[in-house]
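The residues making up each chain are set out below.
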Amino acid sequence: YSLSDIHQTLRSVSDLEIDEFGDVWLAGVPGLYRFTKQKSDWKYTPYSELFGASYIDQNISNKSNQILDHVFSSHTDRLYMGTKNGDGVLVYEIAQDSFWALRYQSGTHSTDVLITSLCEDEHGRLWIGTKKNGLLYYDIGQERIHKIDIGLDDGDPISALAYLPPHLYIGIIFEGAT
């Protein structure tokens, strides 16, 4: 792909990330681009192909609004992608070239989560800011997403997250930062 090809296909770029290998990742509508520094090559994966058609048919809630809104490169050789349509966090295992999804379970029900921001702490814990579900984190050992009560109302959207040891900084729309 050339940059003009990318412009034709990727209608909107929501986020970009440079991983530890110098590869550039572009997330947006309707999928994910990766520029591999070693090969000087662009690879495009449409949203619909991140997991395969059968997975999307069974698990993706809003097939017409397939937007990757955030992308975050982990020190654990994973790329985390937040979705804008409520599909939660998509995970790309870079070495295995495989995708899977993290879903937030509220009780026994899987809940649609609109991701607003992602960051990681020094323990490899993925922090997840959401539009309606507050602050969540992914526990790698338990392979489960947990909710943290930080005193927000359910409607208070988290707009930004940053981690600088030993503190997690949280931006909240219309509320400032904590």
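In the block above lies the structure referred to throughout.
Residues numbered from 1 in each chain as written. Predicted model: local features only at pLDDT ≥ 70, side-chain atom pairs only at ≥ 80, totals over all residues. Heavy atoms only, no water.

Report on the packing of aromatic side chains, specifying residues and quantitative values.
Per the stated rule, a full pass over the model turns up three aromatic pairs. Centre to centre, the rings of Trp 25 and Tyr 92 are 5.6 Å apart; their planes meet at 65°, and the pair counts as edge-to-face. Residue Trp 25 is found in strand S2 (residues 24–29), and its partner Tyr 92 is found in strand S7 (residues 89–93); the two are separated by 67 residues along the sequence. What makes Tyr 92 buried here is its relative accessible area of 4%. A ring pair is formed by Trp 127 and Tyr 137, whose centres lie 5.4 Å apart and whose planes are at 45°; its orientation type is tilted. Of this pair, Trp 127 sits in strand S12 (residues 126–130) while Tyr 137 is found in strand S13 (residues 135–139), placing the two residues 10 residues apart along the sequence. For the residue pair Trp 127 and Tyr 137, the accessibility class agrees, reading buried in each case. Taken together, the ring pairs in this structure connect Trp 25, Tyr 92 and Phe 99 into an aromatic cluster. (Phe/Tyr/Trp six-rings, centres within 6.5 Å; stacked < 30°, edge-to-face > 60°. Helix = DSSP H or I, 4+ residues; strand = E, 2+ residues; numbered from the N terminus. Buried < 20%, exposed > 50% of the residue type's maximum accessible area, 1.4 Å probe, protein only.)

How would you explain the pairing of S12 if you had to name every residue and give the values?
Counting buried residues along S12, five of its five residues qualify, which places the element largely inside the surrounding structure. Burial along S12 is two-sided: the face carrying Leu 126, Ile 128 and Thr 130 and the face carrying Trp 127 and Gly 129 are both buried. Relative to S12, strand S11 (residues 115–120) runs antiparallel, the two sharing five bridges. Note on S12: the bridge partner recorded for Ser 117 is Gly 129. Strand direction decides the pairing type here: S12 and S13, joined by four bridges, are antiparallel. Paired with Gly 129 across the bridge in S13 is Leu 135. Counting the residues in the hairpin turn of S12 and S13 gives four residues, including Gly 134, whose phi is positive at 70°. (Pairing = 2+ DSSP bridges.)

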